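# Structure assessment
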Amino acid sequence: MYLPGIILGLTIHEFSHAWTAHLSGDPTSKEQGRITLNPFRHIDAVGFIFLLLAGFGWAKPVQFNEHNLRRKSDVIKIAFAGPLSNALFAMFLSVIFAFSVNISPSYNRTTQVILELLYYAIFINWGLFIFNLIPLPPLDGSHIFFYPLRRFTGLYDALYKYGSLVLFGLLIATALTKINFLPVAGIIRFFADGFLSILGAR
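This one's a predicted model, so the numbers in the text were calculated from it and none came from an experiment.

Once that is clear, we can look at the environment of M1. Residue position: M1 is located in the segment before α1 (3–23). Each C-alpha atom, one on M1 and one on L118, is 9.2 Å from the other, the two residues being 117 residues apart in sequence. Ignoring any residue separated from it by four or fewer positions in sequence, one finds M1 in contact with V113, E116, L117 and Y120.

Let us now look at the nonpolar core. Formed by 27 residues in total, the largest nonpolar core has its most connected members in L93, F97, I122, W126, I134, L167 and I188. Contributing elements (two or more residues each) for this core: α4 (74–103), α5 (109–131), α7 (153–177) and α8 (185–198). The leading source of residues in this core is α5, at eight residues. I6, I43, F48 and L51 belong to the second largest nonpolar core, which has eight residues in total.

Turning our attention to the packing of α1 against α4. Relative to each other, α1 and α4 sit at 140 degrees, their axes nearing to 8 Å. Relative to α4, α1 is oriented oblique. Between α1 and α4 lies a crossing of right-handed hand. In this structure, α1 contributes L8, G9, I12, H13, S16, H17, T20 and A21 to the contact, and α4 contributes K77, I78, A79, A81, G82, P83, S85, N86 and F89. Taken together, the residues that form the contact of α1 with α4 break down as eight nonpolar, eight polar and one charged.

Take the pattern of salt bridges next. Between side chains of opposite charge, a pair can form when the charged atoms approach closely. Within this structure, the stated rule accounts for three salt bridges. For R71, the salt bridge is made with D74, and the minimal N-O distance between the two is 3.6 Å. Using a relative accessible area of 47% as the deciding quantity, one classes R71 as partly exposed. On the accessibility criterion, D74 (2% relative accessible area) is buried. It is possible to trace a salt-bridge network through shared partners that takes in R71, D74 and K77.

What follows concerns unusual backbone geometry. In this structure, P138 follows P137 across a cis peptide bond, with omega equal to 0 degrees. Mapped onto the elements, P138 comes out in the loop between α5 and α6 (140–146).

Before going further, it helps to spend a moment on α1. Compared with an ideal rise of 1.5 Å per residue, which puts 21 residues at 30 Å, α1 spans 30 Å between its outermost C-alpha atoms and is within 8% of the ideal. A positive backbone phi angle near 110 degrees is found at G25, which sits one or two residues after α1.

The next thing to look at is a nonpolar patch on the surface. A cluster of nonpolar residues, V46, F50, W58, F168, I172 and L176, forms a patch on the protein surface that exposes about 550 Å² of accessible area. Going through the elements one at a time, α3 (45–54) and α7 are the ones with two or more residues in the nonpolar patch. When residues in the nonpolar patch are grouped by element, the largest group, three residues, is from α7. For F50, the position within the fold is in helix α3. Here F50 falls in the partly exposed class, since its relative accessible area comes to 33%.

Definitions and cut-offs
Residues numbered from 1 in each chain as written. Predicted model: local features only at pLDDT ≥ 70, side-chain atom pairs only at ≥ 80, totals over all residues. Heavy atoms only, no water. Helix = DSSP H or I, 4+ residues; strand = E, 2+ residues; numbered from the N terminus. Contact = heavy atoms within 4.5 Å. Core = buried A, V, L, I, M, F, W, Y, C linked by side-chain atoms within 4.5 Å. Buried < 20%, exposed > 50% of the residue type's maximum accessible area, 1.4 Å probe, protein only. Axes fitted to C-alpha atoms, helices over the stretch in contact; angles between N-to-C directions. Parallel < 35°, antiparallel > 145°, perpendicular 65-115°, else oblique. Left-handed = near helix turned anticlockwise from the far one by under 90°. Nonpolar A, V, L, I, M, F, W, Y, C, P; charged D, E, K, R; others polar. Salt bridge = Lys/Arg side-chain N within 4 Å of Asp/Glu carboxyl O. Expected span 1.5 Å × (residues − 1). Patch = residues over 30% accessible without salt bridge, like charges linked within 9 Å, V, L, I, M, F, W, Y side chains within 5 Å. Areas by Shrake-Rupley, 256 points an atom, 1.4 Å probe, with all protein chains shown as cover.

Put into structure tokens, the structure is as follows:
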């Protein structure tokens, strides 16, 4: 039930990074064929297996050449495009879900399955929005919040050297101990249920 939402969410996320990088003046993503909604161009096989088996994973990162960007600050714009696309997609799916529920309060098994798929996809995309804003490398939040630190080369390099290990360690610890070291579930539910409530679907 989660699979369609995961595939769609990751595809839209990476497409948005690639498209924004292209609009910002760098042709790398276009040359690599990443400005597409074909999921096979974005899904990383190992990351996808981890996602299914361990509950966390990754897609192929979008590459770009900063020297081609019109402004150095475009790095932040490119980083934010991915999570933002997931938030907008979650809102779009919420509208469809609310509309379907409101016009058809009684529905058959097929309709119920479709609504469940929509519901899971809504939560997944809000999850991608919130999780990727965590300011730890290699998540988008690290590029958004720590970009001003680039002038401090030593600190910035150390952050990216050890930040990924910290994130991976927290994810492994959460999976092994069942203790949530990254308590974002409540925030995700706040956004997901809150927006559905505004639309009258809760």
